[in-house]
Amino acid sequence: MSATLLALLLGSVASAQPASAPPSACTQPADMAPSQLYGLWQLTLWPQEGGSEAAPASTGALLFERHPEYPGSVRGNLKRSTVGNDRQALVSGDVTDGEFNLDESADGVTMDAVWEGNVTPASCAQELRGIRRPAQGRTGEGPVMNFVLKKAPGWR
């Protein structure tokens, strides 16, 4: 995904997808279906040690779609800032009983990082929080990071 396309998606998503009226009852974390991950999510990452959400180390976006091979899962593209450049990766994962799991791979073959988190209880299935850590055996992938993913407006 090009930087221009990502910027267009982030900048125009509210106008491209009309917001529907909020449901009368929110989806509880344990009831969140993988299909509720579909769409654009805004990402914030900060180091678990010595960092804060207010001063992120990296920001970006994840675009999730239905996984073509695994019906209860998602696949998508990650684009985020890093020191000195942008980073792109392929991701795949799922949400089960309110727990979010994601694998990240820059080349689509080797796993670079794993994401583990939970649906935020009061978010109506619109926010995920957890940690991103280098995959087992990977060095040089940076520190363990906290993350928050927030569903972009219009993608309900």
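Residues numbered from 1 in each chain as written. Predicted model: local features only at pLDDT ≥ 70, side-chain atom pairs only at ≥ 80, totals over all residues. Heavy atoms only, no water.

Caption draft 1: Representation of the packing of aromatic side chains within the structure. What the rule picks out here adds up to 3 aromatic pairs. Centre to centre, the rings of Phe100 and Phe147 are 6.1 Å apart; their planes meet at 65 degrees, and the pair counts as edge-to-face. Remark: Phe147 occurs in strand β8 (residues 145-151) and Phe100 occurs in strand β5 (residues 99-105); sequence separation between them is 47 residues. In terms of burial, Phe100 and Phe147 fall into one category: buried. Pairing Trp115 with Phe147 gives two aromatic rings, centres 5.0 Å apart and planes at 55 degrees, and the pair type is tilted. In this pair, Trp115 is assigned in strand β6 (residues 113-119) and Phe147 in strand β8, connecting sequence segments 32 residues apart. A relative accessible area of 1% means that Trp115 is categorised as buried. With a relative accessible area of 1%, Phe147 lands in the buried category. (Phe/Tyr/Trp six-rings, centres within 6.5 Å; stacked < 30°, edge-to-face > 60°. Helix = DSSP H or I, 4+ residues; strand = E, 2+ residues; numbered from the N terminus. Buried < 20%, exposed > 50% of the residue type's maximum accessible area, 1.4 Å probe, protein only.)

Caption draft 2: Fine view of the state of the cysteines. Taken as a whole, this structure holds 1 disulfide when the rule is applied. Disulfide partner of Cys26: Cys124, at an S-S distance of 1.6 Å. Taken together, the residues span a long stretch of sequence, with Cys26 in the loop between α1 (3-16) and β1 (39-47) and Cys124 in the loop between β6 and β7 (127-134) at a distance of 98 residues. Looking at Cys26, the relative accessible area reads 38%, which means it is partly exposed. (Disulfide = S-S within 2.5 Å.)

Caption draft 3: Just the nonpolar core, in detail. Leu37, Leu62, Phe64, Phe100, Trp115 and Leu128 are the most contacted members of the largest nonpolar core, which totals 22 residues. Counting only elements with at least two residues in this core, the list comes to β1, β2 (58-66), β3 (74-82), β4 (85-96), β5, β6 and β8. The contacts of Leu128, once residues within four sequence positions are left out, are Met32, Leu37, Trp41, Phe100, Asn118, Val119, Thr120, Phe147, Val148 and Leu149. (Core = buried A, V, L, I, M, F, W, Y, C linked by side-chain atoms within 4.5 Å. Contact = heavy atoms within 4.5 Å.)

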